[in-house]
Amino acid sequence: MKLPARILLLGSGELGKEFVISAKRLGCYVIACDSYSGAPAQQMADEHETLDMLDEDSLRHVVSKHRPDIIVPEIEAIRTEILNEFEDSGIQVVPSARAVNYTMNRDKIRDLVSVELGIRTASFGYAESLAECVDTASLIGYPVVMKPVMSSSGKGQSVVHSQSEIAKDWEYACSGMRGDRQRVIIEEFIDFEYEITLLTVCQKNGEVLFCAPIGHRQERGDYQESWQPTYMTGEALLQAQRIAEKVTSNLGGAGLFGVEMFIKGDEVIFSELSPRPHDTGMVTLISQNLSEFDLHARAVLGLPIPQLEIYGPSASHVVLANRHARQVAYEGIEEALKVPGVDIRVFGKPTARPYRRMAVCLARANTLEDARAKADSASKAVTIVYTD
Ligand SMILES: Nc1ncnc2c1ncn2[C@@H]1O[C@H](COP(=O)(O)OP(=O)(O)O)[C@@H](O)[C@H]1O
Ligand SMILES: [Mg+2]
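Now for a description of the structure that goes with this document. (Residues numbered from 1 in each chain as written. Chains lettered and ligands numbered in written order. Predicted model: local features only at pLDDT ≥ 70, side-chain atom pairs only at ≥ 80, totals over all residues. Heavy atoms only, no water.)

Focus: the site of ligand 1
- Ligand 1 sits among 18 residues. The nearest are Lys-147, Gly-154, Glu-187, Glu-195 and Glu-272.
- A distance of 3.1 Å separates an oxygen atom of ligand 1 from a polar side-chain atom of Arg-106.
- One nitrogen or oxygen atom from the side chain of Gln-157 is found 3.0 Å from an oxygen atom belonging to ligand 1.
- Sorting the residues of the shell around ligand 1 by element identifies strand 7 (144-148), strand 9 (184-188) and strand 14 (255-264) as the ones contributing at least two each. (Near = heavy atom within 4 Å. Polar contact = N/O pair within 3.5 Å; in protein donor to acceptor, adjacent residues only side chain to side chain. Helix = DSSP H or I, 4+ residues; strand = E, 2+ residues; numbered from the N terminus.)

So this is what it looks like as structure tokens:
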């Protein structure tokens, strides 16, 4: 690859923003796309485009206009079918068109991992109507988790405790669905001890690398805090790495993946994966010599990663908005940053809505408990000021 490369970034949220910073530090030229203008990554990029990324013609148009060497999808809501076409025309799709296609829909990746690769997952079934939900859920046994096959960040997802609740949860799933398929996955509820994200780096020339496992806590199916390294038994970590390597090597390509797994004792249960930096992986902005964004950039560009070092116990905690507003400002950042080892990333999102992630607080300390406490206090010190 001739450097610097021209990168077309599809999706310009906070993860895209950090990726742009990493790529630009390596001299790349970045064109950042999103459905609205002024999105976080667009603020960092050389050029930006505002388009509906579910629309094939709009995607073809920006690709032919900018002639990128590399297309880096940052979000799932992309018309992924045409990524094959771009790949066939010689553009590098990250990590690969196959990986993006498989992970866009929960059913496709789940069938691949569970049925074809024989990896342990929660028991599951699919449903396309309320009647099918009732049948599938009673086969699996309550409680079950219901999720639209196309959705992210917990949208449309719920835990169904009994048949009397299922109609309301099906309604909720239908309202949270992206795309045109009315289909849900119904999963056995796993009473896990803890869950992890294993950041897995697939290189063009070199072995698969693993970051230290990241622990996290979710609410409403959305990440609230993460910490690294999370303690795992040697046996569980080895199993997790084997699973991550098996799935990512099947999907193919170069880049960083976030592999989510549930842990019960020494048992590792695959949940899902992102073929790109993971939100819980924002902790690596403070924990490692190379963040997940730096690692993604290096892997994508085929650059060496000779050393991957974790500095010590670290944590991240999100700052969420709690209402709609057309403008936002922040107070308390000064307070948050007074504490040694604390840092913050304000995403620069122009507007707010309930639960929208606006910033993340980062912390490093001598113990995980202290790092988590510091990140938590920092997130509480920051106040969002809303303007209508
Ligand atoms: N089968 C399950 N059993 C128990 N908890 C689950 C299950 N599926 C999801 N969860 C919880 O919900 C969170 C979000 O679900 P996930 O499938 O990762 O959706 P998303 O794509 O929105 O991140 C998980 O991180 C986990 O905490
Ligand atoms: Mg997830």
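Thoughts on the coordination of the magnesium ion (ligand 2)
- The coordination sphere of the magnesium ion (ligand 2), as far as protein atoms go, consists of Glu-260 (OE), Glu-260 (OE) and Glu-272 (OE), spread over 2.0 to 2.5 Å. A residue pair is termed long-range when its members are at least 10 positions apart, and Glu-260 in strand 14 and Glu-272 in strand 15 (residues 267-274) qualify at 12 residues. (Donors = N, O, S within 2.8 Å, 3.2 Å for Na, K, Ca; no water.)

Considering the sheet that holds strand 6 (residues 124-127)
- Ordered in space as 6-9-7-8, the 4 strands form an open sheet in which the pairing is antiparallel. A strand with exactly one partner marks an edge of an open sheet, and here the two such strands are strand 6 and strand 8 (158-160). Pairs of neighbouring strands in the sheet enclose a mean axial angle of 30°, with direction left out of account.
- Here strand 7 pairs with strand 9 via 5 bridges, running antiparallel. Residue Val-144 lies in a different strand from strand 9, and its bridge partner there is Glu-188.
- Taken strand by strand, helix 5 (residues 106-116) contacts strand 6, strand 7 and strand 9, and its axis lies near 150° from that of strand 6.
- Strand contacts of helix 6 (residues 130-140): strand 6, strand 7 and strand 9, with the helix running at about 170° to strand 6, the strand carrying the most contacts. (Pairing = 2+ DSSP bridges. Axes fitted to C-alpha atoms, helices over the stretch in contact; angles between N-to-C directions. Contact = heavy atoms within 4.5 Å.)

None of the figures reported here should be taken as evidence of function without further support.
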